[in-house]
Amino acid sequence: MRGVRGFSRAALNRAGHLVRGLVMRHHDVCTPSLGAFIVLAACGQLFAWACVASAEPAGRRAADQPDRTAEPVPGASRGAGLFFVDATAETGLIHTYDTPPGVPTLSASSAAGGVVADFNNDGFDDLFVLGGGVQPDRMFVNNGDGTFTDRALQWGLARTHHAFGASAADFDNDGDVDLFITSYGPANGAPQPGRFLLLRNMSLGPNSLFIDIAPASGVAQCLPGLLDGTGSGWGDYDLDGDLDLVVCSYKRTQPGNRLFRNDGADGLAWRFTDVTAQAGIERTQMQGFLPRFVDMNGDRYPELILIADAGSSRYFVNNGDGTFTDRIADAPGLEQMNGMGIDVGDVNQDGLLDMYVTNIDYGSGGNILLVQHPDHTFTNIAGSAGCEDGYWGWGTLMLDIDHDGDVDIAETNGSNGQFAGRPSLLFLNDGDGTRFTESGAALGFVHNGQGRGLVRIDLENDGDQDLVILCNNQPMSVFRNELIGPDRVTPEDARWLRVKLDTSARPGLAPQGIGSMVRVRGPFGERIAPVDNASNHCTTSAPLAQFGLGSFSRVDYLRVEWADGTHTTLSGVAADQILTVRAPFHPADFDGSGSVDALDAAAFVDAFLAGDLNCDFTGDWRLNFFDVAGFVDWLRDGL
């Protein structure tokens with residue numbers, strides 16, 4: 001194929017080899033300034049050639065070309081192997097969140113907190129759960145075979161205290177996951193203000209030791225003297241590369257829902273600054289249950305969704321300058337409900353994130369499914385979609401539980417009176433997000449207790465997603481997903497891909513890639529999943545993106561859109577694997593060497609001429625001169 005002005009593909013390739021040769025001949029003998037000149041001159045020449053090449057009729061839109069590798073496996077049928085078994089006893093995850101009688105805290109009726117995270121970095125999910133005040137907290141460490149051992153005592157976590165919820169995040173960017181707990185103090189005394197816990201993980205090889213630094217870090221309470229604190233969550237709202245904290249409060253008469261900006265190390269402690277008023281989100285008349293940081297509108301800056309009881313939830317849109325604007329009018333229904341739990345996902349596969357929020361269904365409206373429009377407003381379709389009736393809902397998850405390629409919804413319930421004995425629910429997406437079928441009992445997901453927290457976990461790293469229900473004053477329940485059986489062979493109609501992110505080499509990105517968006521493309525179209533702190537009702541789950549692929553054995557392209565606006569694109573990614581994508585220390589470190597030099601220009605030239613979409617610096621799924629310009633800008637920044 002020939003481009004304009006008579007340039008052929010062969011000619012462009014020859015030109016590229018000349019550029020590469022120039023770079024390679026001089027990279028190890030010239031001074032830094034001369035090296036920079038050679039690199040930029042070489043890329044400038046490539047830029048000129050790319051201006052010509054980008055006008056070719058083919059358009060260089062590689063992702064739009066017919067796929068020849070990701071073929072569907074024959075004989076697929078939807079969700080054929082999905083079923084759950086109660087594996088509580090088998091896994092060793094036996095525990096009760098038990099509150100002392102007569103203690104007047106919200107946790108006595110509304111809580112059962114815990115988190116899923118890999119606390120010892122062995123690649124397996126662990127589970128930390130609160131005890132409630134009668135039982136001590138427990139740290140269930142995964143043994144690697146689907147069973148767990150409580151190591152709370154050895155790790156300094158076996159507290160017996162009044163507590164509502166917990167969240168997990170690597171707030172100090174040291175590579176291991178820390179804990180935050182809304183505690184009200186030891187159970188051998190009355191609940192007290194100022195007793196929140198910020199537990200820093202001092203990793204010691206396969207073990208850990210957690211040290212409380214909350215008082216010295218300024219996050220031991222929402223407000224001075226306020227005995228309150230419900231859910232918490234983390235996100236990088238100012239995109240400075242560290243995780244900031246939001247803690248919710250239920251006291252309607254106090255502005256207790258607070259945003260604490262992470263300002264880094266302060267001696268042996270850490271410094272957090274309360275910027276709630278400065279950020280424009282200080283409010284009274286809010287009965288907060290949990291915060292969720294997610295970039296809903298695609299501008300990289302995460303929105304703050306505060307889920308609250310009694311019609312007091314808020315949808316704060318991030319302005320990108322450290323402040324937020326309340327756009328609750330854009331999310332109709334959110335301002336009227338008794339909000340309890342939330343999750344986000346793209347239910348209709350239109351490339352926009354939607355949200356599902358649980359409620360108390362008194363017969364005049366239950367849970368809401370807010371589907372996003374291109375103008376970033378939302379419409380509640382829960383009633384017509386068949387996922388509105390949720391009884392007294394608490395924790396919820398949006399996940400492709402059957403790996404058929406669309407996002408399903410799980411919810412747990414629990415209360416007394418007319419809501420006593422109501423079941424937890426599993427709404428399977430019928431395909432396009434406009435209709436869901438409740439299938440919990442039929443699939444073995446049977447729970448009629450006092451569910452509060454709901455977390456996703458992979459008990460044995462077999463690829464399917466298991467569920468844990470944390471109960472108020474009742475034993476928790478573990479439901480193992482049997483979609484992938486004991487032989488660990490993935491069914492041909494239930495393929496999957498799990499993506500974890502590693503940002504440890506780039507200080508400007510938040511830990512574990514929180515704030516990033518992952519996209520996959522293939523014959524099935526394009527799908528998206530955010531990587532966030534996954535905060536929910538008194539819980540968090542691990543930050544990751546998981547895609548069900550149905551019968552497809554690979555994806556054509558996988559792209560990570562990092563929170564600093566750069567991208568990493570992989571092609572021909574095989575299904576049925578847990579993939580860790582690592583951000584290079586600098587966007588121009590194209591060869592992954594840990595430094596920016598002439599060799600990166602050579603690597604970029606080779607990859608660009610080979611049509612490698614990792615050279616797509618603009619994120620438009622095509623290669624042209626704008627990508628060369630983008631690389632040159634980053635190269636200049638790194639030299």
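What counts as what
- Residues numbered from 1 in each chain as written.
- Predicted model: local features only at pLDDT ≥ 70, side-chain atom pairs only at ≥ 80, totals over all residues.
- Heavy atoms only, no water.
- Pairing = 2+ DSSP bridges.
- Helix = DSSP H or I, 4+ residues; strand = E, 2+ residues; numbered from the N terminus.
- Axes fitted to C-alpha atoms, helices over the stretch in contact; angles between N-to-C directions.
- Contact = heavy atoms within 4.5 Å.
- Core = buried A, V, L, I, M, F, W, Y, C linked by side-chain atoms within 4.5 Å.
- Buried < 20%, exposed > 50% of the residue type's maximum accessible area, 1.4 Å probe, protein only.

Novice: Help me understand the sheet that holds strand β9 (residues 210-212) in this model?
Specialist: Backbone hydrogen bonds are what pair the strands of a sheet, in a parallel or an antiparallel way. Pairing in this open sheet of four strands is antiparallel, and the strands run β6-β7-β8-β9 from one edge to the other. The sheet is open, and its two borders are formed by β6 (161-169) and β9, each paired with just one other strand. Here the average twist between neighbouring strands, direction ignored, is 30°. Relative to strand β7 (residues 178-186), β6 runs antiparallel, the two sharing six bridges. Across the sheet, the residue bridging to Ala-168 is Leu-179, located in β7.

Novice: Sorry, what's going on with the environment of Pro-332 here?
Specialist: Looking at where Pro-332 falls in the secondary structure, it is placed in the loop between β17 (324-326) and β18 (342-345). In sequence terms Pro-332 and Ile-368 are 36 residues apart; their C-alpha atoms lie 9.3 Å from each other.

Novice: How should I be thinking about the sheet that holds strand β2 (residues 114-117) in this particular structure?
Specialist: The strand order across the open sheet formed by six strands is β5-β4-β3-β2-β33-β32, and the pairing between neighbours is mixed. Pairing within the sheet leaves two strands with one partner each, and these edge strands are β5 (148-150) and β32 (535-536). Pairing of strand β3 (residues 126-129) with strand β4 (residues 138-142) involves three bridges; the strand directions are antiparallel. When the bridges of β4 are listed, Val-129 appears paired with Arg-138.

Novice: So what exactly am I meant to see when it comes to the side chain of Thr-91 here?
Specialist: With respect to the helices and strands, the residue Thr-91 is situated in helix α3 (residues 88-91). Beyond its immediate sequence surroundings of up to four residues, Thr-91 is in contact with Gly-146, Thr-147, Phe-148, Leu-459 and Val-478.

Novice: Help me out: how do you make sense of the nonpolar core in this one?
Specialist: It is characteristic of soluble globular proteins that their nonpolar side chains tend to be buried jointly. Membership of the largest hydrophobic core comes to 65 residues, with the highest contact counts inside it found for Phe-119, Leu-127, Phe-128, Met-139, Leu-179, Leu-334 and Met-355. A per-element tally of this core places β6 first, with four residues. Here Met-139 is in contact with Phe-119, Leu-127, Phe-128, Thr-149, Asp-150, Arg-151, Ala-152, Trp-155, Leu-157, Leu-179 and Phe-210, once residues within four sequence places are set aside. Ranked by size, the runner-up nonpolar core spans 24 residues in total, among them Leu-509, Val-518, Val-560 and Ala-563.

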